[in-house]
Amino acid sequence: MSQNRPRIRVRGLTKIFGDDAGPALSLLQAGRDRNEVLKATGAVVGLQDVSFDIAEGEILVVMGLSGSGKSTCLRCINRLIEPTAGQVMVDDVDVTTLGERELLAFRRTRFGMVFQQFALFPHRTIQRNVEYGLEVQGVPVAQRRERALAAIETVGLAGWDQHYPAQLSGGMQQRAGLARALALDPDILLMDEAFSALDPLIRRDMQQELVALQRRLKKTIVFVSHDLDEAIALGGRIVLMKDGRVVQEGTAADFLAAPADEYVRRFVEHIDVLGVVTAGDAMRAPAAVKPWFSTAAAALASLTQSGEPVVTVVCQEGRFQGTVDAETLKGAGETELRFLLSDKDACVPEGATLNDAVSKLASGRGEIAVVGSGRELKGVIANADLVAALARRRQEAGPQTAH
Ligand SMILES: Nc1ncnc2c1ncn2[C@@H]1O[C@H](COP(=O)(O)OP(=O)(O)OP(=O)(O)O)[C@@H](O)[C@H]1O
Ligand SMILES: [Mg+2]
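By the naming in an unreviewed UniProt entry, the protein is Quaternary amine transport ATP-binding protein, taken from Ancylobacter mangrovi. Here is the UniProt Catalytic activity (unreviewed entry) comment for the protein, exactly as written: "a quaternary ammonium(out) + ATP + H2O = a quaternary ammonium(in) + ADP + phosphate + H(+)". Regarding the protein, the relevant UniProt record gives this comment under Subcellular location (unreviewed entry): "Cell inner membrane".

Bringing the site of ligand 1 into the picture now. Residues in contact with ligand 1 amount to 13 residues; listed here are only the nearest, Ser66, Gly67, Lys70, Ser71 and Thr72. One of the side-chain nitrogen or oxygen atoms of serine 66 is found 2.5 Å away from an oxygen atom of ligand 1. For ligand 1, whose unbound accessible area comes to 640 Å², protein coverage reaches 58%. Of all the secondary structure elements, the ones that give two or more residues to the shell around ligand 1 are strand E2 (44-55) and helix H3 (70-77). Of the residues assigned to the shell around ligand 1, the class counts are three nonpolar, seven polar and three charged.

Next up on the list: the UniProt feature "domain: ABC transporter" (unreviewed entry) in the protein. According to UniProt, the positions carrying the feature "domain: ABC transporter" (unreviewed entry) are residues 32-268. Across residues 32-268 one finds 43% helix and 22% strand; the C-alpha atoms that close the span lie 29 Å apart.

All right, on to the packing of helix H7 (residues 141-154) against helix H8 (residues 170-183) then. Orientation of H7 relative to H8, taken along the N-to-C sense of each, is 135°, at an axis distance of 8 Å. On the basis of their axis angle, the class for H7 and H8 is oblique. The way H7 lies across H8 gives a crossing that is right-handed. Contact with H7, carried on its side by Arg147, Ala151, Ile152 and Thr154, involves Ala179, Leu182 and Ala183 of H8 and no other residues of that element. Broken down by class, the residue content of the contact of H7 with H8 amounts to five nonpolar, one polar and one charged.

A common way to express how large an interface is: the accessible area buried when the components associate. Here the protein is partitioned into domain 1 (56-80 + 99-274) and domain 2 (280-389). Using C-alpha coordinates to define each centre, domain 1 is positioned 42 Å away from domain 2.

Attention shifts here to the environment of serine 26. Relative to the assigned elements, serine 26 resides in helix H1 (residues 21-29). In the structure, serine 26 is positioned 97 residues away from histidine 123 in sequence and 49 Å away in space, judged by C-alpha atoms.

Structurally, threonine 295 can be placed in the loop between strand E11 (289-291) and helix H15 (296-306). Reaching out from threonine 295, the side chain makes a polar contact with the backbone nitrogen of alanine 298 at a distance of 3.2 Å. Those residues in contact with threonine 295, other than ones at most four positions away along the chain, are Gly333, Glu334, Thr335, Glu336 and Leu337.

Regular strands have side chains that alternate between both faces of the sheet. For strand E3 (residues 59-64), a buried count of six out of six residues is recorded, marking the element as mostly surrounded by other parts of the structure. Residues Ile59, Val61 and Met63 of E3 are buried on one face, and the alternating residues Leu60, Val62 and Gly64, pointing to the opposite face, are buried as well.

Now for the pattern of salt bridges. Applying the stated criterion across every chain yields a total of 28 salt bridges. We note a salt bridge from aspartate 227 to arginine 203, for which the minimum N-O separation is 3.5 Å. Remark: arginine 203 occurs in helix H9 (residues 200-217) and aspartate 227 occurs in the loop between strand E8 (220-225) and helix H10 (228-234); sequence separation between them is 24 residues. By relative accessible area, arginine 203 is classed as buried at 12%. Via salt bridges that share partners, Arg124, Arg128, Glu131, Glu135, Arg144 and Arg145 belong to a single interconnected network.

For the rest of this paragraph, the subject is the packing of H8 against H9. The interhelical angle for the contact between H8 and H9, taken along N-to-C directions, is 20°, at an axis separation of 11 Å. Taken together, H8 and H9 sit at an angle that is classed as roughly parallel. The crossing of H8 and H9 is right-handed. In this structure, H8 uses Gly171, Gln174, Arg175, Leu178 and Leu182 to contact H9, whose residues at the interface are Ile202, Met206, Glu209, Leu210, Leu213 and Leu217.

Reading the values: the criteria
Residue numbers restart at each chain and count upward from 1, following the sequence in its written direction. Chain letters and ligand numbers both follow the written order, the letters beginning at A and the numbers at 1. Local features are withheld for residues below a pLDDT of 70 in this predicted model, meaning they are given only at 70 or higher, and side-chain atom pairs are given and counted only at 80 or more; totals for whole chains, interfaces and linings count all residues. Think of the side-chain values as coming from all heavy atoms in the structure, minus any hydrogens and water. UniProt positions are given in the numbering used here, feature names are shortened, and annotations may be inferred rather than shown by experiment. Near residues are defined by distance, with any heavy atom within 4 Å of the molecule or strand qualifying the residue. Here a polar contact means two N or O atoms within 3.5 Å. Within protein one must be a hydrogen donor candidate and the other an acceptor candidate, and residues neighboring in sequence count only if both atoms are side-chain atoms. Computed with the Shrake-Rupley method and a 1.4 Å probe, the accessible areas treat only the protein chains shown as cover for residues. Helix numbers and strand numbers start at the N terminus; a helix is a DSSP run of H or I with at least 4 residues, a strand a run of E with at least 2. In the scheme used here, Gly and all other residues not listed as nonpolar or charged are polar, with Ala, Val, Leu, Ile, Met, Phe, Trp, Tyr, Cys and Pro taken as nonpolar and Asp, Glu, Lys and Arg as charged. Here an angle of 0 to 180 degrees is reported between the N-to-C directions of two axes, which are lines fitted to C-alpha atoms, with helices fitted over the stretch in contact. Put simply, angles under 35 degrees are roughly parallel, angles over 145 are roughly antiparallel, angles from 65 to 115 are roughly perpendicular, and the rest are oblique. Two helices that cross are described as forming a left-handed crossing if the nearer one is turned anticlockwise from the farther one by less than a right angle, and a right-handed crossing if clockwise. We call two residues in contact when some of their heavy atoms are within 4.5 Å. Each domain span listed reflects an automatic or database assignment of domains. Using a 1.4 Å probe on the protein chains alone, a residue whose accessible area is under 20% of its type maximum counts as buried, one over 50% counts as exposed, and one in between counts as partly exposed. Each reported salt bridge corresponds to a side-chain nitrogen of Lys or Arg within 4 Å of a carboxyl oxygen of Asp or Glu.

Structure (structure tokens):
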């Protein structure tokens, strides 16, 4: 994901709310903080020197407590809020310098917005709500109908197009809101607490569906949330904000491994480690690997020497084939390993979480392989490695604070 070129580049974005931002900006640039600026000028610093990149096809979550500047940041990206300083580049377009008409056109064609409040028109059917943006753009009736119905189907609301918003549940209305944004086929979706009004189960469904949808449609998504679980469910990178500034940028696992400060550490304190640390993070080099034409006798010797619970068997190309335990090897003499493979499924992909690794470990023989996308062997995780990885994370997360 992040190896793709950035689709959006945000640089030094600053927003000062107030009639006369000039003096406040000077104070900020002279190193005064937000409170000092407020006292001296009465102006509220909403955002201060915010910079980050968003890759094409990435879901980036902007996270932080209430008032940290998330919405301001999101709205500055498409200039629903006019930034006081800084730059937003979308591909090669400097959004911050667009004239009024260009900006309107750019916003309509490139950005879709989804908010917490669904803001559907109550007297329009779902279909007419979804085609609203296309209507504004002057798209001919037949065409906009077709696009609206396709978007309605994408979000799983097929058959509901002739109903009115009040006839739909909250979750369905949220889907309709998403369909309305998708109907315009923008390549960038800006979503502000879009699922916060939904109850927890529906919310989780919507998160999963958004991830699936994103994989299919390859949209670039900026998702504002104050909920760490939501950020983790959406996967990918997080920009964590506090008092209008970026405190840290990275994955939840990065925050856990190396929190930038106390605020970040406390943010991730209650995180489910098993849900964010990957198999790739926890694996180590295997000590007993054998090609599948090796004999049981040779494998047993190497197993005894290594202290591993199982021999990891690979083909000539290094792809994982399965494991064989000591019990099976004993007495199998010159039989080749490929005839003895007991657990062909004892592996997880590198990117899988420890949650997946735990269930495999529980049903296996004390060790599993970690594999790449073509099943090539990358490393192994034994029960003890899992425990060690968890202990390491606890240590890194540091002692609990008293306050
Ligand atoms: N129109 C405005 N005029 C003055 N101050 C504003 C305005 N909009 C936002 N602010 C201030 O800017 C700061 C950031 O607000 P913002 O709405 O971006 O926070 P947020 O992180 O989205 O919070 P929440 O989670 O509550 O939605 C806050 O201190 C807020 O009071
Ligand atoms: Mg907000």
